[in-house]
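# Close look at the chain arrangement
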Amino acid sequence: MEGAQVVDHHKHKQTKEGRGAKEKKKDLKAKKEGNRKERHNSRAFSVANVVRTQRSIQRNLDRSQKKEYVPLEDRRSVDPNEAPPPLIVVMGPQGVGKSTLIRSL
């Protein structure tokens, strides 16, 4: 083609210089060779305040245990000869006004 200009394509970005690049190159080399040492940041998954965390865990355990047990109450009346309170049931199909009756009492 006559008159066509040759387009110079961009090259790949050069690797950075400095400590980070050296560490990355060393890590990639070790990964290829199979002797890569896995690093673990122990502070990344640790707790900042141990006492506060222990308190929080204990409180959550106490709350969950408290939900499991119902406190016993003496529901009997003071006078043993007194009859139990009367129980009234309002039954009926939907839409006949059961709740309206109860609210009006």
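Per-chain numbering applies: the sequence of each chain, read as written, is numbered from 1 onward. Where local features are concerned, this predicted model is filtered to residues with pLDDT of at least 70; where side-chain atom pairs are given and counted, the filter is 80 or more; whole-chain, interface and lining totals use all residues. Hydrogens and water molecules were not included; the side-chain quantities draw on all heavy atoms of the structure.

### Quick look at helix 1 (residues 19–33)
In this model helix 1 runs 21 Å from its N-terminal to its C-terminal C-alpha over 15 residues, within 8% of the 21 Å that 1.5 Å per residue would give. In this description a helix means any DSSP run of H or I spanning at least four residues, a strand means any run of E spanning at least two, and both kinds are numbered starting from the N terminus. Positive backbone phi, at 90°, marks G34, one or two positions downstream of helix 1. Here the expected span of a helix is defined as 1.5 Å times the quantity of residues minus one.

### Thoughts on a nonpolar patch on the surface
Each patch is built from residues that are more than 30% exposed by relative accessible area and take part in no salt bridge. Like charges join if they lie within 9 Å; nonpolar side chains (Val, Leu, Ile, Met, Phe, Trp, Tyr) join within 5 Å. We get accessible surface area from the Shrake-Rupley algorithm with a probe of 1.4 Å; when it comes to residues, only the shown protein chains can shield them. By salt bridge we mean one thing: a side-chain nitrogen of Lys or Arg within 4 Å of a carboxyl oxygen of Asp or Glu. On the surface, a cluster of nonpolar side chains totalling about 560 Å² of accessible area is made up of I88, V90, L101, I102 and L105. By secondary structure assignment, the location of L105 is in the segment after helix 3 (98–104). You can call L105 exposed: its relative accessible area is 81%. Exposed residues in this analysis have more than 50% of their type's maximum accessible area, buried residues have under 20%, and partly exposed residues fall in between, with area computed by a 1.4 Å probe over protein chains only.

### Considerations on the environment of V96
Relative to the elements of secondary structure, V96 occurs in the loop between helix 2 (50–68) and helix 3. Exposure remark for V96: the relative accessible area of 54% places this residue in the exposed category. The sequence separation of V96 and K16 amounts to 80 residues, and the corresponding C-alpha distance is 79 Å.

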